[in-house]
Amino acid sequence: MTLSHEGLPRSLLPSHYDIKISEIDTESNIFNGFVSIDLTVEESTDNILLNIRDITIKTIGVYTAEKKPIHVKKFDADLKTELLSIDLEDKLAKGSKIYVSIKYAGIIQTNMSGFYRSDYKDEITGKEKCCLSTQFEATDARRGFPCLDEPNFKATFSIEVIVKQDWIALSNVELHQKEVIENQGLVKYIFNKTVVMSTYLVAWACGDFEYIESFTERLYNNKPIPVRVYTARGLKEQGQFGLNVATKSLDYFSKIFDLDYPLPKLDLISVPTYSHNGMENYGLITFRSTALLFDEKTSDTKYKQKIAYVVAHEVAHQWFGDLVTMDWWNELWLNEGFATWVGTLAVSYLYPEWEFFTSFISTSLQSALALDSLRGSHPIEVPVYSALDIDQVFDDISYLKGASAINMLSSSLGVDVFLRGVSLYLKKHKYGNAKTNDLWKGISESSNVDVTKLMDSWISKIGFPYLIVKKTDTGISVEQNRFLSTGDVKPEENETLWWVPLNISTGPNPEDVLKNNSDSWKFFSSRTIEIPLDTTKFFKLNKDSVGVYRVFYDSDILSIIIENIDKLSVKDKIGLLADTASIASAGLGKTSALLELIWSFKDETDINIWTTIICRLSKLAQTWFEQPLEVQVALKKFQQEIYSHALNNIGFKDEETDSLLTKNLRMEILSAAGLTSVHMVVEEAKRIFKNWEQGKEEIRPSARSFVLSTVLHEDASSNEFNVVLKEVLEPSSLDAREIALTSMGHLTSKNEQALLPKAVELLLKPFVPEMDVHFLSSSLARNNETRWLLWKFIKANYDDLYKKLSANMVIMDRFIKFSLTNFASNEAYDDIKDFFADKNIIGFERSLSQVLESIKANAKWVNNDADDVKDWLARNKYL
Ligand SMILES: [Zn+2]
């Protein structure tokens, strides 16, 4: 018997499921189900194993293909292993076909997984309502129907759902027919048979929905495809932007993959209670409402970019993940890394003015490198066995390091060549499962390069390198070593040699690359290399910061780079800032060098450069939060000066002619200035807040984050607190609760001390839903005044918090990760470690160990550079 990863034998292979969902009872949260599974006997066996969870079996029948009963000896459901074992009287003959029919009762979940309910207030009537939808990834299809719940047991599905008459039902493919059930007030929705697909992508949803619709421009089998956005009643118009992105993305991906979307329709639905941002169920994508719906009048424009990206990402999965599926969850990155990269590509195509790949370099790549510089990181491809293991690899490594590695490869080979390889891969494996090497084979074929060789260490090994660049008599020497956030790599941790495309830049334009006639630079993968070049002239490695590595120059070379700042592209500047910051915090360089560099970028007007500066300065101020007060004040003075300088350059007020990015930049700087108490900015925020509170003036949607955060940070009394709290209780727009909760985390104690504990206590209030807790907790954790308060609250109320958040371990994991990571002392490290020593940490053990390691690294950074920073501040008259 060949065992697959999680335990289901491959002796029986499913080919088709008939699923009937009925008697949906939203009073008692139960439903009735029927499933019939067609199985082919691959190896003779007298046992059938299926996955089930939260399901009560009523009857089981096993039959031959000719409908003759096969005698069932006994069946047994094991809660722990989530297995239903059916023992048969006789062995099934190899090659025969059978089917298993099961009647069962299931639970309508309330924890955002399986077949679950969302409660919400109707937009039009204000009445409490509920709707139901499914979230089966990674291993919760078994909560909806007994099945072989592993991605490589693909089959077709015929689904029926009976709902009350005033509801509608949706599923993966189009409706075959609708039957009214006389005198019962019910309607049966019978859907067509799906294509071959994995169980985790099966979906259905039902409720009082409405929709808007558009059609693709491209023809599929001579017809355009209808694309719809479904919402709860009263919200459909806000789906217009997402609908537009989805329709265009569908055509875009069909074109670049040279492979048409194979389903007859695509539905996107906004789900009121939702754990993630989106889920790529085949043909029926579900979304958090703020990741799909946008109101031109009331939404913050930042959400527009998020929606475009999340929609494009989920639509990309229709090919990558849905049509071709990873063989097992250890290769999750194949789904997520690719969807992340190609989702970015689609947004860049649809909205080139948004510079999406530049923001990819300043955010996604940096998050990936930050996590991957911990010893507790993991290779992109990682062994996983249990459901809770699987949930924990939906992280920045699978998504962002995966996407960054793909970005590096596609840039080196050329995006067209790369996509041609992807297309070969998709065509070869469509409706099947594939492994990473299958993707490399396709790209090797299109590029004539041995891609498996280049990418192997990136995929199978933990970490990434940093390059030490030194002057030699004839040019430079380059040496690669593994980068750790603590800078103390041991020889046994430093054995991997990565493929590092050097891409030596000589200027800001794409063609300004130092040429040579050997492949050794392009395919550098040894420990060291010598490169002849004129070191008196400008050069910089890793042009446009596309490579997944950091570079550390000796001081002579660095000064030439800084003297020639106009020769750096925006992406180069971002990379240089990020590398300098990370190398300083790892103890390999000095933090004063970062401060110098930031100052030399003070006249920049690019949003991604500024988000990098703000992020690195905030991180420094957070990490320095237990340093003497005068040092903290001096750091704040530096921040105030640089943000004021930036505001003087770009202006306080939006002009008609400003681009979206300029407007977003202004808001970023205003927020940063507000949170560092720049007087003029604080006064402006207070004025806007007051007028808004008194009903004299609306706050512009995109200014809410800045105004609410600044006012709570600077001038909070119960009055301001309650005004913002009202936005949590009764959000006045789609995004209002997320914005208000984030703002509440910026509260400080200038006016009313008692407000701080009040803000932390909100975490347990029932009106702060599990799905939104992290907006508040992550902001409280970044706030120097509430970091310890938050941790003390967690300790004192751990049982209640665990109870609230652990019904869905993804939520609990996220809470731990975001709440504890910003400490910077051994005291905090010991306290957190001790506290969890006797706790059940299954489901967040990976995040907890990463949190602890980050705290150690932060502590080490302060220890190394406290004097260096103090001296720099004094030298520059801030201290
Ligand atoms: Zn995804």
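Criteria and cut-off values
- Residues numbered from 1 in each chain as written.
- Predicted model: local features only at pLDDT ≥ 70, side-chain atom pairs only at ≥ 80, totals over all residues.
- Heavy atoms only, no water.
- Helix = DSSP H or I, 4+ residues; strand = E, 2+ residues; numbered from the N terminus.
- Rg over C-alpha atoms; globule rule 2.2 N^0.38 Å.
- Buried < 20%, exposed > 50% of the residue type's maximum accessible area, 1.4 Å probe, protein only.
- Contact = heavy atoms within 4.5 Å.
- Areas by Shrake-Rupley, 256 points an atom, 1.4 Å probe, with all protein chains shown as cover.
- Lys, Arg positive; Asp, Glu negative; His and termini not counted.
- Charge placed at Lys NZ, Arg CZ, Asp CG, Glu CD.
- Donors = N, O, S within 2.8 Å, 3.2 Å for Na, K, Ca; no water.
- Pairing = 2+ DSSP bridges.
- Salt bridge = Lys/Arg side-chain N within 4 Å of Asp/Glu carboxyl O.
- UniProt positions renumbered as here; feature names shortened; annotations may be inferred.
- Polar contact = N/O pair within 3.5 Å; in protein donor to acceptor, adjacent residues only side chain to side chain.
- Axes fitted to C-alpha atoms, helices over the stretch in contact; angles between N-to-C directions.
- Parallel < 35°, antiparallel > 145°, perpendicular 65-115°, else oblique.
- Left-handed = near helix turned anticlockwise from the far one by under 90°.
- Nonpolar A, V, L, I, M, F, W, Y, C, P; charged D, E, K, R; others polar.
- Expected span 1.5 Å × (residues − 1).
- Domains from an automatic or database assignment.

## Digging into the overall build of the protein
(1) Moving on: A count of helical and extended segments in the protein gives 26 helices and 26 strands.
(2) Moving on: Taken over the C-alpha trace, the protein has a radius of gyration of 28 Å; the compact-globule value for 879 residues is 29 Å, and the two agree within 12%.
(3) Moving on: Counting only C-alpha atoms and orienting by the principal axes, one finds that the protein spans roughly 90 × 70 × 60 Å.
(4) Moving on: Buried residues in the protein amount to 62% of all 879 residues.
(5) Moving on: Excluding contacts between residues fewer than 6 apart, the proportion of contacts in the protein whose partners are at least 24 apart in sequence is 72%.
(6) Moving on: By element, 50% of the accessible surface of the protein is carried by carbon and sulfur atoms, the whole surface being about 34,000 Å².
(7) Moving on: If you average the places of the 97 positive and of the 122 negative side-chain charges in the protein, the two averages end up 1 Å apart.

## Quick notes on the coordination of the zinc ion
(1) Moving on: Only His313 (NE2), His317 (NE2) and Glu336 (OE) from the protein coordinate the zinc ion, and they sit 2.0 to 2.1 Å from it.
(2) Moving on: Assessed through its relative accessible area of 0%, His317 is described here as buried.

## Considering the pairing of strand 13 (residues 175-181)
(1) Moving on: Pairing between strand 13 and strand 14 (residues 186-191): six bridges, direction antiparallel. For Leu175, the partnering residue across the bridge sits in strand 14 and is Phe191.
(2) Moving on: Between strand 13 and strand 14, which pair antiparallel in sequence order, lie four residues; one of them, Asn183, sits at a positive phi of approximately 65°.

## Some thoughts on the sheet that holds strand 8 (residues 97-107)
(1) Moving on: Spatially, 5-4-8-2-1-11-14-13 is the arrangement adopted by the eight strands of the open sheet, whose pairing is mixed. Edge positions in the sheet fall to strand 5 (69-70) and strand 13, since each has one partner strand and no second.
(2) Moving on: The pairing of strand 2 (residues 30-41) with strand 8 spans eleven bridges and is classified as antiparallel. Within the sheet, the bridge partner assigned to Ser36 lies in strand 8 and is Ser101.

## Observations concerning the pattern of salt bridges
(1) Moving on: Inspection of the entire model under this criterion finds 44 salt bridges.
(2) Moving on: For the salt bridge of Glu738 with Arg288, the shortest nitrogen-to-oxygen distance reads 3.3 Å. Here the residue Glu738 occupies a position in helix 19 (residues 736-744), and Arg288 occupies one in strand 20 (residues 284-288), the gap between them amounting to 450 residues.
(3) Moving on: In the salt-bridge network here, residues are joined through shared partners; they are Arg53, Asp54, Glu82, Asp140, Arg142, Arg143 and Asp149.

## Some remarks on the UniProt feature "binding site: Zn(2+)" (unreviewed entry) in the protein
(1) Moving on: Here, UniProt's "binding site: Zn(2+)" (unreviewed entry) annotation points to His313, His317 and Glu336. Across 24 residues of sequence, these annotated residues stay compact in space, with a maximum C-alpha separation of 8.7 Å.
(2) Moving on: Its location among the elements puts His317 in helix 2 (residues 302-317).
(3) Moving on: Once residues within four sequence positions are removed from consideration, His317 is found in contact with Glu280, Asp322, Asn335, Glu336 and Ala339.
(4) Moving on: Position of Glu336 among the secondary structure elements: in helix 3 (residues 332-350).
(5) Moving on: We classify Glu336 as buried; its relative accessible area is 1%.
(6) Moving on: In contact with Glu336, not counting residues within four places along its chain, are Glu137, Glu280, His313, His317, Phe394, Ser398 and Tyr399.
(7) Moving on: Within the structure, Glu336 has its side chain in polar contact with the side chain of His313 (distance 3.1 Å).

## A closer look at the sheet that holds strand 12 (residues 168-171)
(1) Moving on: Ordered in space as 9-10-15-12, the four strands form an open sheet in which the pairing is antiparallel. Only two strands of the sheet have a single neighbouring strand rather than two, namely strand 9 (114-121) and strand 12. Neighbour to neighbour, the strand axes of the sheet diverge by 15° on average, direction disregarded.
(2) Moving on: The sheet contact formed by strand 9 and strand 10 (residues 128-135) spans eight bridges and is antiparallel. The residue bridging Tyr120 from the neighbouring strand is Lys129, located in strand 10.

## Regarding the packing of helix 6 (residues 396-413) against helix 9 (residues 451-460)
(1) Moving on: For the pair helix 6 and helix 9, interaxial distance at closest approach is 11 Å and the crossing angle is 150°. Classified by the interaxial angle, the pair formed by helix 6 and helix 9 is roughly antiparallel. Every pair of crossing elements has a handedness; the one defined by helix 6 and helix 9 is right-handed. Counted together, Lys401, Ala405, Met408, Leu409 and Leu413 of helix 6 and Val451, Leu454, Met455 and Trp458 of helix 9 form the full contact between these two elements.
(2) Moving on: Per-class residue counts for the contact of helix 6 with helix 9 are eight nonpolar, no polar and one charged.

## Brief notes about the packing of helix 2 against helix 3
(1) Moving on: Two numbers describe how helix 2 lies on helix 3: the axes approach to 8 Å, and their chain directions differ by 125°. Classified by the angle their axes make, helix 2 and helix 3 are oblique. Our pair here, helix 2 against helix 3, has a crossing hand that is right-handed. Residues Ala308, Tyr309, Ala312, His313, Ala316 and His317 of helix 2 lie in contact with helix 3, whose contacting residues are Asn335, Glu336, Ala339, Thr340, Val342, Gly343, Thr344, Ala346 and Val347.
(2) Moving on: Taken together, the residues of the contact of helix 2 with helix 3 sort by class into eight nonpolar, six polar and one charged.

## Examining the side chain of Ser477
(1) Moving on: In this structure, Ser477 sits in strand 24 (residues 475-482).
(2) Moving on: In contact with Ser477, not counting residues within four places along its chain, are Ile468, Val469, Lys470, Thr472, Ile529 and Glu530.

## Concerning the side chain of Asp122
(1) Moving on: Inspection of the secondary structure assignment puts Asp122 in the loop between strand 9 and strand 10.
(2) Moving on: Judged by its relative accessible area of 4%, Asp122 falls in the buried class.
(3) Moving on: Here the side chain of Asp122 touches Ile124 through a polar contact of 2.8 Å, landing on its backbone nitrogen.
(4) Moving on: The residues contacting Asp122, other than those within four sequence positions of it, are Lys127, Lys129, Asp208 and Arg233.

## What about helix 6?
(1) Moving on: Compared with an ideal rise of 1.5 Å per residue, which puts 18 residues at 26 Å, helix 6 spans 24 Å between its outermost C-alpha atoms and is within 8% of the ideal.
(2) Moving on: Helix 6 sits mainly inside the fold: 15 of its 18 residues count as buried.
(3) Moving on: Here helix 6 starts with a cap whose side-chain oxygen sits 3.1 Å from the backbone nitrogen of Ile397, and that cap is Asp395.
(4) Moving on: Gly414 sits one or two residues past helix 6 and shows a positive phi near 100°.

## Description of the environment of Asp658
(1) Moving on: Secondary-structure assignment places Asp658 in the loop between helix 14 (629-650) and helix 15 (660-675).
(2) Moving on: In this structure Asp658 touches Lys653, Lys663 and Arg666, once residues within four positions along its chain are discounted.
(3) Moving on: From its side chain, Asp658 meets the backbone nitrogen of Glu655 in a polar contact 2.7 Å long.
(4) Moving on: Within the local environment of Asp658, its side chain forms a polar contact with the side chain of Arg666, the two groups lying 3.0 Å apart.

## Some words on the domain arrangement of the protein
(1) Moving on: As assigned here, the protein comprises domain 1 (1-205), domain 2 (208-319), domain 3 (329-448), domain 4 (465-569) and domain 5 (590-875).
(2) Moving on: Put simply, the middle of domain 2 and the middle of domain 4, counted by C-alpha atoms, are 42 Å apart.

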